[in-house]
Every structure is written in structure tokens, then in C-alpha cells.
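Summary of the model geometry
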Amino acid sequence: MYETFRARAEAVSAEVHRFPGKAEALQFVADLLRRDGVSAAPGGHAVWAGGPFLSAADRSAVAPGAPALRFDVTRELAATARAGVTEADFAIVNTGTLAHAADAVEGRLASTLPPLHVALVPTSRLVPDLGALFARLSPAQTRYLALVTGPSRTADIERVLTIGVHGPKRLVIVFADDLAEGS
Amino acid sequence: MGNDFRRSIAAALDDANLGGALGRFSEAYRASRARAYEDHDFEALRRRIAGVKGDAAGRLDELAARFTAAAVARGAQVFRAGSPQAVKDYVLALARERGARSVVKSKSMASEEIHLNAHLEAAGLSVTETDLGEWIIQLAGQRPSHMVMPAIHMTKEQVADLFSKEVDERLAADIPRLVALARERLRERFLAADIGISGANVAVAETGSLVLVTNEGNARLVTTLPRIHVAIVGLEKLIERFEDVVPILTALPKSATGQLLTSYVSIISGPVANTDGSPKELHVILLDHRRSDMAADPSFKPAMQCIRCASCLNVCPVYRLVGGHVFGKTYTGGIGTVLTAWFDDLASAKDIQGLCIQCGNCKEVCPGMIDIPQLILEVRRRVAQEQGQPMIQRAIFSVVNDRRLFHGLLRAASLAQKPFTRNGLVRHLPLFLSGLTEARSLPAIAPEPLRDTIGRIAQPRSAERAALYAGCLIDFAYPRTGEAVVEILNKAGVEVLFPDGQTCCGAPARYAGAYESAAESARANIEALLADDVRWIVSACPTCTVALKHEFGATLRSLGDEAWAAKAEQVAAKTIEFATLARQLVEEGRLTLPEGRALGRATYHDSCHLKRTLRAEQAPRELLRRQGLEIVEMFEADVCCGMAGSYSLKLPEISGRMLARKLASIEKTGAPLVATDCPGCLLQLRGGLDQSGLPVEVRHTAELLAEAIE
């Protein structure tokens with residue numbers, strides 16, 4: 001399932017990584033943010049929206065590796081952030097899609113406004129297709145179900161594919177095998 | 001056809017970019033669509049969609065009420081608007097009550113349909129389209145030319161000019177930089193907007209959910225940043241159950257752009273919190289605007305199954321040449337013609353319905369399983385009923401319906417054309433007829449029609465008999481094709497009769513919306529064809545075969561003539577198209593083709609009716625291969641050659657461009673021979689090759705086969 005997901009997601013310009021443990025995944029995210037220039041300099045911050053899997057302590061553990069992480073996501077902070085980090089509830093294999101019960105506005109702000117979006121998702125939450133997703137996540141559970149397949153794109157000028165119109169220019173998906181445990 | 005309309009076609013055909021971007025897209029689309037559907041059973045998928053949407057269209061009121069109840073229970077406000085004005089009044093009143101000054105919109109065809117922007121702007125509101133293509137169109141003051149790709153007709157240079165004016169700075173025509181500029185500019189508008197207006201791709205009655213599909217992410221921002229969200233939803237978007245979102249969401253991106261899924265899908269089921277923690281105000285406007293009337297009309301109810309993917313535009317050989325603006329209204333292309341006839345009025349569709357060449361490409365790919373060509377014929381028929389047929393057309397069909405007069409005139413024309421004829425082709429016609437021979441030469445009318453020569457063929461007597469239905473072209477222009485059919489069937493021990501009472505199959509009348517004339521032709525032919533007891537009624541013209549096999553009954557039934565419709569079914573049951581019958585006789589061992597010959601390369605052109613109605617495209621290819629020809633497939637072998645009967649006379653400029661594309665595809669194969677099974681295509685291709693001077697021969701499969709068997 002993971003390999004198919006990866007192939008499908010990469011085919012739409014997403015980057016996909018997998019780690020056995022939460023700690024390695026978080027370390028990877030910290031390195032990624034730092035490499036991408038997240039820093040304490042003005043306009044160098046990243047926003048990190050809470051989700052169902054990581055505790056506040058988990059999130060804070062990343063902070064030393066990537067300074068200027070903000071967990072109090074507001075529209076102003078998200079609009080000026082270099083990167084946004086969120087947790088996705090499920091990943092749909094046959095389309096390479098992330099699914100997010102995005103009722104809380106912070107997750108939508110962090111995943112839409114910054115140019116880089118990093119999404120963490122437990123490997124155990126891979127589902128084969130849309131039908132399987134809807135059996136787990138539907139209007140009974142969420143008022144704002146967001147599906148994300150690759151970064152923002154357009155081909156509205158001369159049919160030339162261009163990445164990053166209104167949403168992120170880069171989408172990095174980080175799977176952790178033990179992320180959902182105990183949640 | 002109005003002169004303005006003709007001028008807009010001429011301008012569109014001359015617009016190099018239109019042909020360029022659109023042509024490239026339509027060529028790439030077929031392959032990317034096919035790839036996207038690789039893991040899916042498209043027929044099963046579209047049956048499910050047609051079932052879901054067809055069911056919903058049968059109970060719009062009930063589903064609208066259920067949607068309202070479910071959405072209201074979740075905290076949304078739902079307004080049912082009968083007319084465009086009601087929507088405009090509602091949105092403006094809302095904006096005034098809330099003191100709103102600025103609006104951001106994500107793509108909504110329904111709001112285009114009712115011209116909402118103009119109304120809000122006139123009242124002093126700032127309205128910004130945020131879909132990149134829509135924003136370009138808004139800055140240019142134009143209408144979208146495509147439902148999914150609104151600005152596909154524009155070049156990057158034109159976009160750079162527009163953006164330069166907007167930012168008051170000279171910008172280069174560099175696409176990534178233009179996109180970056182749009183991001184920056186529109187981001188400001190998003191963050192400042194008071195109201196976000198969206199459409200919806202699906203509205204689910206049982207949950208009160210809206211499904212929004214975008215690639216850019218603008219719908220996410222429109223529904224997240226402003227404190228008020230207004231969704232304008234046509235009633236055709238309603239479905240009953242949430243689980244039925246799956247087939248629609250599976251098909252829509254694949255059919256629209258060849259994507260497995262769009263970058264973003266938002267499924268909104270009630271208001272959520274705003275960024276300041278306040279509850280969002282969510283207003284859903286359910287727009288009727290004649291949709292209930294359309295759903296209540298049995299002929300047009302299937303149009304409600306449309307999911308607005310625009311694949312009917314993407315595969316249309318006419319759309320790719322002229323683009324969307326010649327359609328003159330919000331909705332363009334095949335389904336757009338039908339929607340315009342309803343959402344505007346029948347008169348608005350009078351000219352544009354004539355653009356449809358009835359090739360059937362769109363019907364093959366429609367995920368809503370809509371027989372769009374048939375709906376356009378119905379529009380055509382109603383236009384003809386309401387406004388009367390053009391005088392010249394009425395005169396022509398009254399001649400055609402009088403067989404003796406019609407055939408007498410054809411014989412007279414055979415003499416009159418002599419001064420213009422060389423090698424069986426008419427290259428230049430004088431005066432007002434000159435347009436007819438601009439792109440292609442016309443075939444000369446044969447000195448003797450098939451009905452005169454056929455009696456001279458010495459046939460074996462046999463208990464197994466077939467009636468040959470020639471059709472006008474084979475009878476009067478290509479009698480040799482008919483003789484070839486007789487010779488081949490004779491070889492298999494079948495005696496061929498030529499019922500003299502046969503006349504025009506009525507297809508031209510039917511395709512012109514003149515069903516009464518078509519019915520008269522049908523009755524005359526049915527009488528002639530049922531006079532003798534034969535095993536088969538065979539025709540070497542796919543269009544005539546379709547008329548005999550599928551349309552006689554439909555035409556008669558639509559006029560309430562059940563008695564003749566029943567007889568039409570007897571004709572239909574016996575009717576078979578030549579290549580299919582010949583292959584059957586070969587397989588039964590009754591016809592033997594010489595083995596081991598190498599006759600060289602040939603390419604095959606599929607006639608629209610043979611491929612998409614009769615589904616017989618393999619039979620002729622097999623016959624040609626078995627006789628020793630190597631088939632080199634041409635690019636888009638099954639795309640219409642532009643003939644389509646009287647279409648090439650009514651819109652010769654479009655027909656000529658389609659022919660030119662076809663000739664280029666033929667030339668690229670390097671084959672010296674084109675085979676086809678339709679005398680109409682043969683006329684078009686042969687005439688085009690004659691005018692262009694390409695040394696390629698065009699032959700009917702029957703003639704090639706007769707020569708091989710000899």
C-alpha cells in the first residue's frame with residue numbers, strides 16, 4: 001500500500017518519506033524545516049497546527065532543531081510563514097491523497113497559506129480508495145473534510161503546468177509507522 | 001445562420017493561438033484521460049453516475065427539501081432561488097446587511113450563468129475571481145471559453161499584457177512569474193475579503209454537504225478566510241446519498257483534465273469556526289433557473305446527469321477548431337449548446353446547434369452517459385418546429401421526398417455538370433456554388449446510376465437473397481461500390497435484389513431536425529425493403545445503415561406512428577452493414593480470399609457511424625489485412641473527416657479545417673492508399689486529396705475486396 005501511495009503521490013509532485021518511529025520522523029521534520037530556512041529571522045517562522053496524533057510535548061520536541069516554530073496558528077502568522085506543519089488523518093492509496101478532518105481552522109491555514117506544507121501521517125492510516133475513506137471519515141465525523149493531492153497547481157495559462165498558485169508550492173508527506181499508537 | 005455568427009466562426013478559425021493551445025490540449029487529452037481511467041471500469045462507473053444523477057433529477061423537489069433540512073440542522077442557511085434575479089437580490093442584500101465591501105470568488109459556472117459579478121460591482125462591491133483562468137478572463141472583460149479551462153484561448157503574451165496593466169509595470173510573458181504575481185495579488189484580496197462565493201460540484205441531500213473541487217487551492221481559501229461563505233449551487237448538483245459522491249469524484253478529475261484527483265477537494269457539511277473563533281456564516285443558494293423544467297421534459301432530463309467535466313468539449317473536433325466564444329454564452333461545447341437552449345432560450349441555440357457535426361465522440365466519453373448529439377438533434381428539431389425550417393431546406397426535402405423528381409434531377413445534373421468535370425471530379429463550381437469546392441473537389445454524378453447498371457450484372461439464382469440498399473451517394477455517384485457489393489455476395493452464393501422503390505434514407509432531414517420529412521423517407525423505404533422476402537438488407541453506407549437499423553423506428557415513434565415503427569423494426573432486424581456481413585461470410589468459409597499476397601501499405605479511416613453507432617471498426621480492417629494489405633494506423637483515425645452530409649455545405653469553413661487535419665494525418669502514414677467504408681467520407685477525402693495534390697488513393701473496402709477476390 002505504501003509503495004503505491006508513494007508512486008501516486010510522487011507522480012503529482014509530492015515528496016514522500018517513511019520512518020519506523022515518531023522520533024525519527026520528527027527529527028526529519030526538524031531538519032527539513034531548518035534546511036528550508038525556517039529561522040528566528042523576521043519572516044523565518046513556521047506554523048505547526050495541532051492534530052490527532054502528536055502531543056504538545058511531541059511538537060515542542062522539534063522546536064530546538066528548528067527555531068521559530070509557532071504553535072499558536074493565526075491567519076497572520078500562517079500568511080507570513082515559510083512553512084506549515086499538519087497531521088493528516090488518512091492517506092488514500094490509489095490517488096496519492098491526504099485526508100484531513102479540518103474542522104479546526106488552524107490546520108487549513110497551516111496547510112494552505114505557507115509555500116511549504118509538511119504533513120505527518122501514520123502508516124497504519126493508509127486506505128485503498130475514496131470509498132474506504134468515506135467509511136471512516138464522513139460528514140458524521142467532520143464538517144470540513146479536506147483532501148489534498150500534491151501541491152497547488154494550475155495550467156490555466158497555455159496549459160503549462162505550474163506548481164504553487166494559491167496553496168503550497170511544495171508538499172512533503174512524512175509517514176511514521178508508530179505515530180498512531182496510543183492515540 | 002446569422003452573419004455575425006459566421007463572422008465569429010471565421011475569426012475563431014483564424015485565431016492561431018486558439019487552434020494552437022486548444023489543438024495541443026485536445027490531442028494530449030485523449031491519452032491522458034485513458035491513462036487516468038486505466039484502473040477503472042469506465043462503463044460501470046458512468047452507469048452508476050447516470051443512475052445516481054438520473055434518480056436525483058426525477059425528484060429534485062424532494063432532494064432540495066432534504067438538503068435544506070440537513071444543512072439547516074447543521075447551522076447553514078439555505079435559500080431556494082427560482083430565478084437569477086432572486087440570487088442576485090439575496091447576495092446583494094446579504095452584503096449590505098453585513099456591511100461587506102469585498103468579495104472573493106472561486107469558480108462557479110452558476111454565478112457566470114446569472115452574471116452575478118456585474119450585478120454586485122454595479123452596486124459598488126469589489127468582486128475578484130480567484131481561479132487563475134477566471135481572473136484572467138475577468139481582467140480581460142471576457143467570458144470563459146471553456147468550462148474547466150476558462151482562459152485556454154489566450155496566450156501568455158496576452159496574459160502578460162493584462163497583468164502589466166493591473167500592476168502598472170511591464171511584465172515579461174514568463175508563465176511561472178505571471179503565476180507568482182497572481183498568487184501575490186490574489187492573496188491580498190483573500191485576506192481582505194468579507195464574503196467568499198463558491199459554487200459546488202456536488203450537493204448531498206442526506207448530509208447537507210457541498211463538494212468543491214479545485215487544483216489551485218482557491219476554494220479552500222474562499223471557504224476559510226472570509227467570515228461569510230455563500231455557495232451558489234445549481235439544482236442539478238443534488239444527489240441523495242453521501243456514498244454516491246465516490247463515483248462522481250472518481251470520474252470528474254479524470255474526465256476533466258486526466259488527473260486521478262484534483263489537488264484539492266473540500267467537503268463542507270455545515271459551518272465551521274472562522275479564524276477569529278467566530279462561527280462562519282454559511283449560505284447555500286439552490287438555483288433552479290429552468291432546471292426543474294428541464295428535468296420534467298423526458299427528452300432533456302438526461303442533461304441533468306452532467307457533472308460539468310467538459311470532456312464533451314475536449315473531444316469535440318469542432319470545438320477544438322473554434323473554441324468557446326463562438327457559442328456566445330456561458331456554457332460552451334456540446335452540453336453547453338443544450339444548456340444554453342434551456343437557460344437562455346431556444347432562439348439563443350439556433351445558430352450554435354448547427355456547429356454539432358454529430359460525430360458522436362462526446363457520447364463515448366460522457367461520464368454522465370448523456371447522448372449529447374441526440375439532445376442537440378432535439379434542440380434542432382424544436383428550433384425547426386418553433387421557427388420553421390429555412391425555405392431552401394424545406395424545398396430541398398420536398399424534392400427528396402418525391403423520389404421520381406429527386407432522381408430525375410440527379411440524372412439531369414449528371415448532364416449539366418459535364419463542363420466542370422474531369423476524371424470523375426468537379427473541381428470548381430461557378431458563382432455562389434464556388435465555396436462548395438474550395439477545400440475539396442466534388443464527385444461527378446455518375447453517367448448511369450446503380451439502379452440502371454445493376455440489372456446488367458449476371459447473377460446466380462439463389463434461395464438465399466439479400467436486398468441492397470444503396471443510398472444516394474452509391475446509387476448516383478459511386479455505383480461501382482454497389483456493383484462490388486453485388487459481386488462479392490454473388491461469390492458467396494447470395495443473390496442480390498435492388499428494390500426500385502428505395503430512396504434517400506432521410507438522414508439529412510433527420511439531422512436537420514425535419515422529422516416529418518425523415519419519416520416520409522422512412523415509410524417509402526420500409527415499403528420497398530419489405531416487399532421481397534430476403535435474409536439480409538445490406539448497405540455499404542454506414543450512415544444509411546444507421547438510418548435503417550436505428551433511426552427509422554426512432555423517427556416514426558417520435559411522431560407517434562407506432563404502426564410504421566413496428567415495420568421499421570422488421571427492417572432493422574435484417575439490416576447489416578457490408579463489412580460485417582462480408583467478414584461473417586469469410587468466417588463461414590463462403591468467401592475465400594487469396595492467401596499470402598503482399599499488396600503494400602494502406603491506412604484506414606473510421607467513419608463516425610461505422611465506429612460509434614455500428615461498432616464495426618474491426619471488420620473492415622480484418623478484411624483488408626486478410627487480402628494482403630498492411631494497415632498503418634493514422635493519428636486519430638476515428639476523428640470525423642468533416643463531411644457529415646450537409647454539414648460540409650452549411651459550414652464549409654469548419655469542414656475544410658477538419659479535412660485538412662485528416663489529410664495531414666493520412667500523409668504522415670506514408671501509405672499510398674486510404675480505405676474507408678463510408679461513401680460520404682470517401683467523397684470528402686477523395687475531393688480533399690484531389691485539391692491538395694497528394695498522390696494518395698481513397699477506396700471503399702467493398703471495391704478493394706471485390707478486386708482481391710477476382
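The structure contained in this document is the topic of the report that follows. (Residues numbered from 1 in each chain as written. Chains lettered and ligands numbered in written order. Predicted model: local features only at pLDDT ≥ 70, side-chain atom pairs only at ≥ 80, totals over all residues. Heavy atoms only, no water.)

What follows is about the overall build of chain A. For chain A, the helix and strand inventory stands at 6 helices and 12 strands. At 15 Å, chain A has a C-alpha radius of gyration in line with the 16 Å of a compact globule built from 183 residues. Along the first, second and third principal axes, the C-alpha set of chain A runs to 50 × 45 × 30 Å. A buried classification covers 59% of the 183 residues belonging to chain A. (Helix = DSSP H or I, 4+ residues; strand = E, 2+ residues; numbered from the N terminus. Rg over C-alpha atoms; globule rule 2.2 N^0.38 Å. Buried < 20%, exposed > 50% of the residue type's maximum accessible area, 1.4 Å probe, protein only.)

With that settled, consider the sheet that holds strand β11 (residues 421-422) of chain B. Residues and elements named next belong to chain B. If you walk across this open sheet you meet the 3 strands as β11-β12-β13, and the pairing is antiparallel. With one partner strand each, in any of the chains shown, β11 and β13 (442-443) form the two edges of the open sheet. Sheet analysis places strand β12 (residues 425-426) next to β13, joined by 2 bridges and oriented antiparallel. Bridge pairing in β13 links Leu-425 to Pro-443. (Pairing = 2+ DSSP bridges.)

All names here are of chain B. Two numbers describe how helix α1 (residues 3-14) lies on helix α32 (residues 652-669): the axes approach to 10 Å, and their chain directions differ by 25°. It follows from the interaxial angle that α1 and α32 lie roughly parallel. Seen along the crossing, α1 lies across α32 with a hand that is left-handed. Facing α1, whose interface residues are Arg-6, Ile-9, Leu-13 and Asp-14, α32 presents Glu-653, Ile-654 and Arg-657. Split by residue class, the contact of α1 with α32 holds 3 nonpolar, no polar and 4 charged. (Axes fitted to C-alpha atoms, helices over the stretch in contact; angles between N-to-C directions. Parallel < 35°, antiparallel > 145°, perpendicular 65-115°, else oblique. Left-handed = near helix turned anticlockwise from the far one by under 90°. Contact = heavy atoms within 4.5 Å. Nonpolar A, V, L, I, M, F, W, Y, C, P; charged D, E, K, R; others polar.)

Moving on: the sheet that holds strand β14 (residues 465-468) of chain B. Residues and elements named next belong to chain B. Ordered by their spatial adjacency, 4 strands build an open sheet running β15-β14-β16-β17, and the pairing between neighbours is parallel. The sheet is open, and its two edges are formed by β15 (495-497) and β17 (575-577), each paired on a single side. Here the strands of the sheet are splayed against their neighbours by 35° on average, with no regard to which way each runs. The pairing of strand β16 (residues 536-539) with β17 spans 3 bridges and is classified as parallel. Paired with Ser-539 across the bridge in β17 is Glu-577.

Any link to function would need more than the numbers given here.
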